[in-house]
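Report on the structure
What follows is the residue order along each chain.
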Amino acid sequence: MLVSERIGQFFVESDGGRDRLEYTEYGSGDDWVVLLHGLLMPRRMQQPLARAMAAQGLHVVTLDLLGHGRSDQPADPLVYSMTSFGEQVVALLDHLGAEQAVIGGTSLGANVSLEVAVIAPERVKGLIVEMPVLNNALVAGILAFVPIMLAARYLPVTANTLQRVSRSVPRGIVPFWAGICLDTVDHRAESIASVLHGVIFGRLAPSRSQRRRIQAPVFLVGHPIDPIHPFVDADMLAAELPNVRLERATSILEWRFRPERLTTAAADFALECWQEHPATTKATTKTRTRKR
């Protein structure tokens, strides 16, 4: 099924001034879904899921958070934080005239989705959280991203050379996920250093007590064998949330290369969130409820 696609932009105020954010809309209607990308990745990574959801009648928006994709990339670590990313999502909803939306994302996008549920719970119809990065991922995350941050800060030729190489490859001649990898390294060195500085040394996610107060239904996806996104973090989050469906992916690659099962489950969940009386159980998912 073909769906309409429209690119838009809006502006947010930050300590560094007025910044432009870019987004893509898929489909139409009042059943809004906002999908967010991983760290340093572009919004285009959510394109397959967005198209599939829009084909089911949902109005899906993918957003490049500040410092990512085609949005502005200021070289100031003070403008990057989970809280500011969450505020950008709320500003997007205001710009679109959407009172509520199902908010979802991968990795960084998963944590930002939780942040939105904390700072603006009245705007959240439901959450789609894939690969949250919580307490058990801290050491692996630091080991993975601090060297990249230091290289971008003190050896900027490394990141700037990767950017030039990335831009020399036409996206139309490479497979979709190869293009996403090329887009991920398409950043100036000072932008990479600033984004990573702000994320690594800021608040990684809402506190446990804040997460336990999230009342919106949550579709939670975790997977094994990934120290940056350990399944134990997803399992811990599932135990904290009062209304959650926990789905175990076979690996980080399943939703990328064999997406049918998880895409169907996520789309069904979002549709149920927009029903007057959403279902509370589903045969293919594990549902946990906890009395408060």
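Residues numbered from 1 in each chain as written. Predicted model: local features only at pLDDT ≥ 70, side-chain atom pairs only at ≥ 80, totals over all residues. Heavy atoms only, no water.

Per an unreviewed UniProt entry, the protein goes by Alpha/beta fold hydrolase and derives from Nocardioides cavernae.

Okay, the side chain of Ser191 next. Here Ser191 is to be found in helix α7 (residues 189–200). Residue Ser191 is classed as buried on the basis of its relative accessible area, which comes to 0%. A distance of 3.3 Å separates a polar atom in the side chain of Ser191 from a polar atom in the side chain of Gln73. Not counting residues up to four positions away in its chain, the partners in contact with Ser191 are Gly67 and Gln73. (Helix = DSSP H or I, 4+ residues; strand = E, 2+ residues; numbered from the N terminus. Buried < 20%, exposed > 50% of the residue type's maximum accessible area, 1.4 Å probe, protein only. Polar contact = N/O pair within 3.5 Å; in protein donor to acceptor, adjacent residues only side chain to side chain. Contact = heavy atoms within 4.5 Å.)

As a further point, take the pairing of strand β7 (residues 218–222). For β7, the tally of buried residues reaches five of five residues, placing the bulk of the element in the interior. Every second residue of β7 is oriented toward a common face, with Val218, Leu220 and Gly222 on one face and Phe219 and Val221 on the other, all of them buried. In terms of strand pairing, strand β6 (residues 124–130) meets β7 through four bridges, oriented parallel. Residue Ile128 lies in a different strand from β7, and its bridge partner there is Phe219. Here β7 runs beside strand β8 (residues 243–248); their pairing, made up of five bridges, is parallel. Note that in β8 the partner of Leu220 across the bridge is Leu246. (Pairing = 2+ DSSP bridges.)

Before going further, it helps to spend a moment on the nonpolar core. Grouped together as the largest cluster of nonpolar side chains are 59 residues, with contacts concentrated most on Leu63, Val89, Ile103, Val112, Leu127 and Leu220. Element by element, the count of residues in this core is highest for helix α2 (residues 82–96), at seven residues. Of all hydrophobic cores here, the second largest spans 22 residues; its members include Val60, Val102, Ile128 and Cys273. (Core = buried A, V, L, I, M, F, W, Y, C linked by side-chain atoms within 4.5 Å.)

It is at 8 Å that the axes of α2 and helix α3 (residues 108–119) come closest, and there the two elements cross at 75°. Classed by the angle they form, the pair α2 and α3 counts as roughly perpendicular. Where α2 approaches α3, its residues Met82, Thr83, Phe85, Gly86, Glu87, Val89 and Val90 are matched on the opposing element by Leu108, Asn111, Val112, Glu115, Val116 and Ile119. Per-class residue counts for the contact of α2 with α3 are eight nonpolar, three polar and two charged. (Axes fitted to C-alpha atoms, helices over the stretch in contact; angles between N-to-C directions. Parallel < 35°, antiparallel > 145°, perpendicular 65-115°, else oblique. Nonpolar A, V, L, I, M, F, W, Y, C, P; charged D, E, K, R; others polar.)

This paragraph deals with unusual backbone geometry. The phi dihedral of Ser107 falls on the positive side, at around 60°, and the residue is not glycine. For Ser107, the position within the fold is in the loop between β5 (101–106) and α3. The phi angle at Met131 is positive, at roughly 60°, despite the residue not being glycine. For Met131, the position within the fold is in the loop between β6 and α4 (138–154).

Turning our eyes to something else, we now look at helix α5 (residues 156–167). Compared with an ideal rise of 1.5 Å per residue, which puts twelve residues at 16 Å, α5 spans 17 Å between its outermost C-alpha atoms and is within 8% of the ideal. Residues Ala159, Gln163 and Ser166 constitute the buried set of α5. Looking down the long axis of α5, one finds its buried residues gathered within 65° of arc, a one-sided arrangement. Of the residues in α5, the exposed ones pointing more than 90 degrees away from the buried face are Val157 and Arg164. Contact partners of the buried residues in α5: α6 (176–184) and α7. (Expected span 1.5 Å × (residues − 1). Arc of directions from axis to C-beta.)

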